[in-house]
Amino acid sequence: MTETGSERALAMRQAAAAWLDGLDAPKRRIALLPFLPETVANWHYVPRTRPGLPLGAMTEAEQAGVWRLLEAFLSEQGLQRARDQLRLETVLGVIEGRPEFRDPGNYALVLYGVPSEREPWGWRFEGHHLSLSAVVVPGQGVAVTPVFFGANPGRVPHGHRHSGFRLLGEEEDRAFALLGSLSGPQRDRVIIGNRTLGDIVSGPGREASLHRYEGAALSELGDLQRDGIVRLVELYAARLRPELAEPALDRVRNAGIGGLHFAWAGSEQPGRPHYFRIHGPALLFEYDNTQNGANHVHTVWHDPKRNFGVDLLRAHHEASHS
């Protein structure tokens, strides 16, 4: 683990331990689960009852402790995105006329294992259209994927509070600019279908379902397109603290930028259902905007070899065993 990565691990451990210590016994039993693979991998982005303690069941001081943990994980930009996601849930409740169902108080924090400087532990903060987690393996590193952000509505309609707001608008704009910069033959290689796939493919329980690269390899594209795709990946990774984002980006670079593949499905015009993917040995990023007349966005970032800290835990167990 790098020195800066160790600092982030320490900051998260201190914030998580302080939050846990401030809970009474009943809340602590809800907030703390064993560190087991099946519990750590239990993520989702739909509105549902979640493991952990929801914000709506916390005092103001306990809620502040949640945000201190997120501050140790997210960049300033990422922290604002997370706060905006909770605000967007309130907007959705007004639009649908179901404020009790679209409840920002239903975002929950759960700890997997007691925060420790010796044993693996982790946490997840999750609710509708947001899933953020970390697995900390002392001496090995910090796993930060999968990372999920969604947006419903993708653009807040006129007549509502925050009209015109687009939580994931920059990603969409950059992707369409990339598509528009491709030559005819390049575009033919990139487009894998005239209809979207209906949603992201690598959702919960399907993280490893995409085995084949599709679309065009970046080595087949021009410098402008390669740089644009890399900047799109960096834009998403920049939601994390640089000390956590850079190691993940370094793994992508070390695996070879030219080996990344860019694929597109669906409409080539904004406002209609569209989907794109950036896929390589150390990265899978999916974006889908299909539902609600292409006004409902799902995005996910995976590190296929490090999701949920699988590689770090293997190294930890091998070192412990030896």
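Residues numbered from 1 in each chain as written. Predicted model: local features only at pLDDT ≥ 70, side-chain atom pairs only at ≥ 80, totals over all residues. Heavy atoms only, no water.

Student: Would you explain the overall build of the chain in this entry?
Tutor: Broken down by element type, the chain carries 11 helices and 13 strands. In terms of overall dimensions, the chain has a C-alpha envelope of 60 × 55 × 30 Å along the principal axes. Of all intrachain contacts in the chain linking residues separated by at least 6 positions in sequence, the fraction that spans at least 24 positions is 65%. Per element, the accessible surface of the chain, about 13900 Å² overall, is 51% carbon and sulfur. Looking at the chain, you have 35 positive and 38 negative side-chain charges, and the mean spots of the two groups are 2 Å apart. (Helix = DSSP H or I, 4+ residues; strand = E, 2+ residues; numbered from the N terminus. Contact = heavy atoms within 4.5 Å. Areas by Shrake-Rupley, 256 points an atom, 1.4 Å probe, with all protein chains shown as cover. Lys, Arg positive; Asp, Glu negative; His and termini not counted. Charge placed at Lys NZ, Arg CZ, Asp CG, Glu CD.)

Student: Could you clarify how one ought to interpret the nonpolar core in this entry?
Tutor: What tends to happen in soluble globular proteins is that the nonpolar side chains get buried as a cluster. Counting residues in hydrophobic clusters, the biggest one holds 73 residues, and the most contacted among them are Met12, Phe73, Trp123 and Trp301. Once residues lying within four places of it in the same chain are set aside, the contact partners of Trp123 are Met12, Leu69, Leu70, Phe73, Leu109, Val110, Leu111, Tyr112, Leu132, Ser133 and Ala134. Core analysis: the next-biggest nonpolar cluster, separate from the first, contains 14 residues, Val110, Tyr112, Val137 and Leu313 among them. (Core = buried A, V, L, I, M, F, W, Y, C linked by side-chain atoms within 4.5 Å. Buried < 20%, exposed > 50% of the residue type's maximum accessible area, 1.4 Å probe, protein only.)

Student: Sorry, what's going on with the packing of helix α6 (residues 169-181) against helix α8 (residues 223-237) here?
Tutor: Between two packed helices, both the angle of their axes relative to each other and the distance between the axes serve to describe the pair. Two numbers describe how α6 lies on α8: the axes approach to 10 Å, and their chain directions differ by 170 degrees. Classified by the angle their axes make, α6 and α8 are roughly antiparallel. Every residue of α8 that contacts α6 at Glu170, Glu171, Arg174, Ala175, Leu178 and Ser181 is listed here: Leu224, Gln225, Gly228, Ile229, Arg231, Leu232, Leu235 and Tyr236. Tallied by class, residues from the contact of α6 with α8 come to 7 nonpolar, 3 polar and 4 charged. (Axes fitted to C-alpha atoms, helices over the stretch in contact; angles between N-to-C directions. Parallel < 35°, antiparallel > 145°, perpendicular 65-115°, else oblique. Nonpolar A, V, L, I, M, F, W, Y, C, P; charged D, E, K, R; others polar.)

Student: Sorry if this is basic, but what is going on with the pattern of salt bridges here?
Tutor: Two side chains of opposite charge can pair, provided their charged atoms sit close to one another. Evaluated as defined, the whole model comprises 23 salt bridges. Glu220 is paired through a salt bridge with Arg189; the nearest N and O atoms lie 3.5 Å apart. Of this pair, Glu220 sits in the loop between β9 (216-217) and α8 while Arg189 sits in helix α7 (residues 184-190), and the two are 31 residues apart along the sequence. Using a relative accessible area of 36% as the deciding quantity, one classes Arg189 as partly exposed. Its salt-bridge partner being Arg253, residue Glu246 comes within 3.3 Å of it at the nearest N-O pair. In this structure Arg253 comes out as partly exposed when scored by relative accessible area, which is 35%. One salt-bridge network, in which partners are shared between bridges, spans Arg48, Arg50, Arg124 and Glu126. (Salt bridge = Lys/Arg side-chain N within 4 Å of Asp/Glu carboxyl O.)

Student: I keep staring at the pairing of strand β13 (residues 297-302) and nothing clicks. Help me out?
Tutor: Buried residues dominate β13, accounting for 6 of its 6 residues. Because side chains alternate across β13, one face comprises the buried residues Val297, Thr299 and Trp301, and the other comprises His298, Val300 and His302, equally buried. Pairing of strand β7 (residues 147-151) with β13 involves 5 bridges; the strand directions are antiparallel. If you follow Phe149 over to β13, its bridge partner there is Thr299. As defined by bridge partners, strand β12 (residues 283-289) adjoins β13 across 6 bridges and the pair is classed as antiparallel. Within the sheet, the bridge partner assigned to Phe285 lies in β13 and is Trp301. (Pairing = 2+ DSSP bridges.)

Student: I'm lost on the packing of aromatic side chains in this one. Help?
Tutor: The geometry of an aromatic ring pair comes down to the distance between the two centres and the angle between the two planes. In the structure shown here, the tally under the stated rule is 14 aromatic pairs. Considering the side-chain rings of Phe276 and Tyr287, the 4.9 Å spacing of their centres and the 15 degrees angle between planes classify their relative orientation as stacked. Linking Phe276 in strand β11 (residues 274-280) with Tyr287 in strand β12, this pair joins segments that are 11 residues apart in sequence. In terms of burial, Phe276 and Tyr287 fall into one category: buried. An aromatic cluster is built from Phe149, Phe176, Tyr236, Phe262, Trp264, Phe276, Phe285 and Tyr287, whose rings are joined through pairwise contacts. Between the NZ or CZ atom of Arg83 and the centre of the ring of Trp67, over which it lies, the distance is 4.1 Å. Positioned above the aromatic ring of Phe149, the side-chain terminus of Arg239 is 4.5 Å from the ring centre. (Phe/Tyr/Trp six-rings, centres within 6.5 Å; stacked < 30°, edge-to-face > 60°. Lys NZ or Arg CZ within 6 Å of the ring centre and 35° of its normal.)

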